[in-house]
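Each chain, letter by letter, is given below.
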Amino acid sequence: MKFSIYRYNPETDKKPYMQEFDLDIPEGSDMMLLDALLALKDQDATLAFRRSCREGVCGSDGFSINGKNGLACITPLSSLKSPVVVRPLPGLPVIRDLVVDMAQFYKQYEKIKPFLIANDEPPAKERLQSPEERAKLDGLYECILCACCSTSCPSFWWNPDKFVGPSGLLQAYRFLIDSRDTQTDERLADLDDAYSVFRCRGIMNCVDVCPKGLNPTQAIGHIRSMLLKNGV
Amino acid sequence: MVATVTSLGRSGLHDWIIQRLSAVIMLAYTLYLAYFVICTGDLNFAAWQELFASTFMKVFSLLALGSVVMHAWIGLWIVSTDYMPKLAIRMIFQAIVIVMCLALMIWGIQILWSI
């Protein structure tokens, strides 16, 4: 199978380039793209990329794979057309090869205060939720912050410093509907500008690429409804 | 919270609602005009004059014109903040759009007044 991998080392290369690789895949084996990348690293030890858990939980190995963002560790080679073109996640500064600088992505995540804020009297034991209240967090808490969604979003490409992005907004909604959180109004007030939420044009690239099958567009729609309810 | 000074409304929600409401008004106006053109057998100056002389049509036209102007302001402001990263170019573009929107509004009122 043929591979075309994005290479860039700022210390030695003037410009990024694509390096071609050839890899023999044993008949009948269905390895993941990450296994193939590790085999390519044996061929050329200078190839740099992030990976950790190798099972789609840590979110380290998000790349643009044949033009679509995804996690290499849960993308079977059998689902890909040869040559497999692997590039770093689009829209973020490249540190080296497939490694990108995620600072801007995390900054947006930090902005939405991704933690429970409960200013009411703490109960003797713990803050309880009914099973129905807990069920509202399903489809939101599973986000692993791999950045596949936000880096597939044109609005995030153009305004990464102002638009929170699908990942951050999914998390924002996770805390907005948490029955234990008391800062709902303050959180909404922080989002009611022309960029943070409303730069979303609903093109659903985020839904298309999410490796965990989550739906940020729907969460953004819910945030809009909450803002509407508060503001009308 | 991101501060903006050249957007039509100062909040994202405000712009978002105006954008949708103005779209509905423009659609209604377009459908009404299309209905008039199709259902009027002899479409001459007198027929147009009579249509636009009625108070209802004057109000409806002004509403539609206001919608076009607000819709364009919001839409082009968004486009410019997406695709014009250079501050000077963005500022000049936005200034032209805003001045044109206001001028069109005044011009439209003047035309409708004269009928």
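Just so it is clear, the structure is predicted and the values come from calculations on it, not from any experiment.

Participant: Any chance you could explain the overall build of chain B here in plain terms?
Facilitator: The helix and strand inventory of chain B stands at four helices and zero strands. If you list the helices and strands of chain B from N to C, you get α-α-α-α. For 115 residues, the compact-globule estimate of 2.2 N^0.38 gives 13 Å, and chain B exceeds it by more than 25% at 17 Å. Its C-alpha atoms give chain B principal-axis dimensions of about 55 × 25 × 20 Å. Going through the 115 residues of chain B one by one, you find that 15% of them count as buried.

Participant: Any chance you could explain the interface of chain A and chain B here in plain terms?
Facilitator: Note: interface size is frequently given as the accessible area lost on complex formation between the parts. Each partner contributes to the interface: chain A provides 13 residues, whereas chain B provides 11 residues. Looking at the side of chain A that touches chain B, the element that brings in the most residues is helix α8 (residues 216-231) of chain A, giving three residues.

Participant: What should I look at first to understand the nonpolar core in this one?
Facilitator: The nonpolar side chains of soluble globular proteins are, as a tendency, buried together. With 55 residues, the main nonpolar core has A:A72, A:L169, A:A172, A:Y173, A:V197 and A:I223 as its most contacted residues. With six residues, the top contributor of residues to this core is helix α5 (residues 165-176) of chain A. Leave out the neighbours within four places in its chain, and A:I223 touches A:L169, A:A172, A:Y173, A:L176, A:L191 and A:V197. With eight residues, the next largest nonpolar core counts B:L65, B:V69, B:M70 and B:I74 among its residues.

Participant: Just to check I follow, could you spell out the sheet that holds strand β4 (residues 68-71) of chain A for this structure?
Facilitator: Hydrogen bonding along the main chain pairs the strands of a sheet, whether they run parallel or antiparallel. All names here are of chain A. Ordered by their spatial adjacency, five strands build an open sheet running β2-β1-β5-β3-β4, and the pairing between neighbours is mixed. Sheet topology places β2 (17-22) and β4 at the edges, where each strand pairs with a single neighbour. With direction set aside, neighbouring strand axes in the sheet form an average angle of 30 degrees. When strand β1 (residues 2-7) meets β2, the two strands line up antiparallel, connected through six bridges. The residue of β2 that forms the bridge with Y6 is M18. Taken strand by strand, helix α1 (residues 33-43) contacts β1, β2 and β3 (62-65), and its axis lies near 75 degrees from that of β1.

Participant: Would you take a moment to explain the packing of α5(A) against helix α6 (residues 184-191) of chain A for this structure?
Facilitator: When two helices pack together, you describe them by how their axes are tilted relative to each other and by the distance separating the axes. Residues and elements named next belong to chain A. Relative to each other, α5 and α6 sit at 155 degrees, their axes nearing to 10 Å. Relative to α6, the element α5 lies roughly antiparallel. Pair α5 / α6 crosses with left-handed handedness. Contact residues: A172, F175 and L176 in α5; T184, R187 and L191 in α6.

Participant: Could you clarify how one ought to interpret the packing of helix α3 (residues 55-83) of chain B against helix α4 (residues 87-114) of chain B in this entry?
Facilitator: Residues and elements named next belong to chain B. Packing of α3 against α4 leaves a shortest axis separation of 10 Å and a crossing angle of 175 degrees. As judged from the angle between their axes, α3 and α4 are roughly antiparallel. Here α3 contributes K58, S61, L62, L65, G66, V69, A72, W73, L76, W77, S80 and T81 to the contact with α4, which in turn contributes R90, F93, Q94, V97, I98, C101, L104, M105, G108, I109 and L112. Class assignment of the residues belonging to the contact of α3 with α4 gives a composition of 15 nonpolar, six polar and two charged.

Participant: Just to check I follow, could you spell out the confidence of the model for chain B for this structure?
Facilitator: Close inspection of predicted coordinates is inappropriate in any region flagged by low pLDDT. For chain B, per-residue confidence averages 92 on the pLDDT scale, and residues scoring 70 or more make up 100% of the total. Overall fold confidence for the complex sits at a pTM of 0.89, while the interface term, ipTM, reaches 0.83.

Participant: What should I look at first to understand the pairing of strand β5 (residues 84-87) of chain A in this one?
Facilitator: Consecutive side chains along a regular strand alternate between the two faces of the sheet. Residue and element names in this part refer to chain A. Because side chains alternate across β5, one face comprises the buried residues V84 and V86, and the other comprises V85 and R87, none of which is buried. Bridge analysis of β1 against β5 gives three bridges, and the strand direction is parallel. Residue pairing for β5: I5 is matched across the bridge by V86. Here two bridges tie β3 to β5, and the two strands are oriented antiparallel to one another. Bridging across to β5, I65 finds its partner in V86.

Participant: Mind showing me how you'd approach the environment of B:C101 here?
Facilitator: Residues and elements named next belong to chain B. Mapped onto the secondary structure, C101 falls in helix α4. On the basis of neighbour count, C101 is assigned to the partly exposed category, with 19 C-beta atoms found within 10 Å. Expressed as a C-alpha distance, the spacing of C101 and C39, which sit 62 residues apart in the sequence, is 32 Å. Dropping the residues within four chain positions of it, C101 is found in contact with V69, A72 and W73.

Participant: Explanation requested: helix α1 (residues 12-39) of chain B in the structure shown.
Facilitator: For an α-helix, 3.6 residues make a turn, and residues three or four places apart therefore share a direction. In a regular helix each residue adds 1.5 Å, so 28 residues correspond to 40 Å; α1(B) covers 41 Å between its end C-alpha atoms and thus fits that length. Here α1(B) has its buried residues at B:G12, B:L13, B:D15, B:W16 and B:S22. On its buried face, α1(B) sits against α8 of chain A together with α3 of chain B.

Participant: Hey, could you run me through the pairing of β3(A) in this one?
Facilitator: Neither face of β3(A) is exposed, since A:G62 and A:S64 on one face and A:F63 and A:I65 on the opposite face are all buried. Hairpin connection of β3(A) to β4(A): two residues between the antiparallel strands, including A:N66 at a positive phi of 50 degrees.

Participant: So what exactly am I meant to see when it comes to α1(A) here?
Facilitator: Residues and elements named next belong to chain A. Taken together, the buried positions of α1 are L33, L34, A36 and L37. In a view along the axis of α1, the buried residues occupy a sector of 155 degrees, so they form one face of it. Where α1 is buried, its residues touch β1 and β3.

Rules of the game
Residues numbered from 1 in each chain as written. Chains lettered and ligands numbered in written order. Predicted model: local features only at pLDDT ≥ 70, side-chain atom pairs only at ≥ 80, totals over all residues. Helix = DSSP H or I, 4+ residues; strand = E, 2+ residues; numbered from the N terminus. Rg over C-alpha atoms; globule rule 2.2 N^0.38 Å. Buried ≥ 20, exposed ≤ 12 C-beta atoms within 10 Å, placed from the backbone. Contact = placed C-beta atoms within 7 Å. Core = buried A, V, L, I, M, F, W, Y, C linked by C-beta atoms within 7 Å. Pairing = 2+ DSSP bridges. Axes fitted to C-alpha atoms, helices over the stretch in contact; angles between N-to-C directions. Parallel < 35°, antiparallel > 145°, perpendicular 65-115°, else oblique. Left-handed = near helix turned anticlockwise from the far one by under 90°. Nonpolar A, V, L, I, M, F, W, Y, C, P; charged D, E, K, R; others polar. pLDDT = per-residue confidence, 0-100. Expected span 1.5 Å × (residues − 1). Arc of directions from axis to C-beta.

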